[in-house]
Amino acid sequence: MSVTPLRGTAAPAEAAARRDAPARLEIRDLSVVYASRQGNVKALDRLSLSVGDGEFVAVLGPSGCGKSTLLKIVSGLLRPSGGQVVLGGRPVVGPRPDVGIVFQQPTLLPWKTVLDNVLVPIRALRRPVAEYQDKAMDLLRLTGLERFAGHYPNELSGGMQQRVAVARGLIHDPALLLMDEPFAALDAMTRERMTAELQAIWMKTGKSVVFITHSIPEAVFLADRVVVLSERPGRLLETIEIDLPRPRRAQTLGEPRFAALCNRLRAFFSVDGHAQ
Ligand SMILES: Nc1ncnc2c1ncn2[C@@H]1O[C@H](COP(=O)(O)OP(=O)(O)OP(=O)(O)O)[C@@H](O)[C@H]1O
Ligand SMILES: [Mg+2]
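About the thresholds
Residues numbered from 1 in each chain as written. Chains lettered and ligands numbered in written order. Predicted model: local features only at pLDDT ≥ 70, side-chain atom pairs only at ≥ 80, totals over all residues. Heavy atoms only, no water. Near = heavy atom within 4 Å. Polar contact = N/O pair within 3.5 Å; in protein donor to acceptor, adjacent residues only side chain to side chain. Areas by Shrake-Rupley, 256 points an atom, 1.4 Å probe, with all protein chains shown as cover. Buried < 20%, exposed > 50% of the residue type's maximum accessible area, 1.4 Å probe, protein only. Helix = DSSP H or I, 4+ residues; strand = E, 2+ residues; numbered from the N terminus. Phe/Tyr/Trp six-rings, centres within 6.5 Å; stacked < 30°, edge-to-face > 60°. Pairing = 2+ DSSP bridges. Axes fitted to C-alpha atoms, helices over the stretch in contact; angles between N-to-C directions. Contact = heavy atoms within 4.5 Å. Disulfide = S-S within 2.5 Å.

With that settled, consider the site of ligand 1. Inspection of the region around ligand 1 gives 13 residues, with Ser63, Gly64, Lys67, Ser68 and Thr69 positioned closest. Within the side chain of Lys67, one N or O atom sits 2.7 Å away from an oxygen atom of ligand 1. Between ligand 1 and Arg232, the relevant distance is 3.0 Å, taken from an oxygen atom to a side-chain nitrogen or oxygen of the residue. Bound to the protein, ligand 1 loses 65% of the 640 Å² it would expose on its own.

So, about helix H2 (residues 67-74). For H2, the buried fraction is high: six of the eight residues fall into the buried class. Within the span of H2, buried status applies to Lys67, Thr69, Leu70, Leu71, Ile73 and Val74. Remark: Gly76 follows H2 within two positions and exhibits a positive phi of approximately 80°.

All chains considered together, the criterion is met by three aromatic pairs. Between Phe56 and Trp202, the ring centres sit 5.7 Å apart and the planes meet at 80°, which makes this aromatic pair edge-to-face. Note that Phe56 is positioned in strand S3 (residues 56-60) and Trp202 in helix H7 (residues 188-205), a separation of 146 residues in sequence. Each member of the pair, Phe56 as well as Trp202, carries the same accessibility label: buried. Ring geometry for Phe56 and Phe211: centres 5.8 Å apart, planes at 45°, overall tilted. Taken as a pair, Phe56 in strand S3 and Phe211 in strand S8 (residues 208-213) lie far apart in primary sequence, 155 residues in all. Summarising the burial analysis for this pair, Phe56 and Phe211 share the class buried. Members of the aromatic cluster, connected to one another through ring pairs, are Phe56, Phe183, Trp202 and Phe211.

One open sheet accounts for six strands, arranged S6-S7-S8-S3-S9-S10; its pairing is mixed. Looking along the sheet, the strands with just one partner apiece sit at the ends: strand S6 (99-102) and strand S10 (236-241). Across the sheet, the mean angle from the axis of one strand to that of its neighbour is 15°, orientation sign disregarded. Of the strand pairs in this sheet, strand S9 (residues 225-229) and S10 are connected by five bridges, and their pairing is antiparallel. From the neighbouring strand, Leu229 faces S10, where its bridge partner is Leu236. Sheet strands touched by H2: S3, strand S7 (176-180), S8 and S9. Its angle to S7, the strand with the most contacts, is close to 155°.

The final tally for this structure, using the stated rule, is zero disulfides. Cys65 supplies the cysteine sulfur nearest to Cys262, a cysteine that is in no disulfide, at a spacing of 18 Å. On the basis of relative accessibility, which here comes to 3%, the residue Cys262 falls in the buried class.

Such coordinate-based values are descriptive only and should not be taken to indicate function.
Structure below.
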């Protein structure tokens, strides 16, 4: 069964359909141990998680619990110590073209224009750049940056740079988009706007997304499902379905159901912000 990408308002039932769709991503019994001079550090402990085709999953967890490690493994940049990651039916053994990544910092190349920064994955994948120019412009339009295609990163605000990074993550049409706290460095207002924009982009493109965040409201606003990880070594503590209709809007933040879901997630964190 394949799930049609969302267009317009989505009922909670559609979120359930995405969850139950054939898994785009299967993480099975994943363990990661880093060897360091101070001894071994266990970052993840037998973590299992699946993400459906077109599903938006947010991962919440305290600092140092292994969230970035998880994304590095899923993107094939790092090999696990145990367990397996299967993406689109094939085990992940290295970086793959069906994955896009957006890091916490935009990490743009300062000597390249906005347009050329968006095209970086195309060059890396050795695909014909000329064939992707129109797509890059479409993505810049989608992210509200079409007038800045010829500008350089240092001419853009932090929020605009991060939007370039989102466009770059989507240019090669990956089935899975991985986002590691992409809005953490932004001011509160830009962050809210970017969150709404991300929802709109996701609804248009129908990608599977794994979105890492420290922010409970951000996770609830964006996700079909929120996964809570424990303190290091990261273990799966809980998975919570977010049954709010889409598109979620500014007023969603004031709704009782939104507050109830946030409170449910907050219960996993003690007052000093650490998962139990
Ligand atoms: N290359 C490495 N060598 C040794 N230890 C590492 C390495 N990378 C990460 N770690 C350790 O693994 C643990 C998990 O790190 P990771 O970066 O995945 O955490 P995180 O959940 O992303 O944290 P944050 O929320 O602060 O970004 C930490 O204790 C960290 O010190
Ligand atoms: Mg991290």
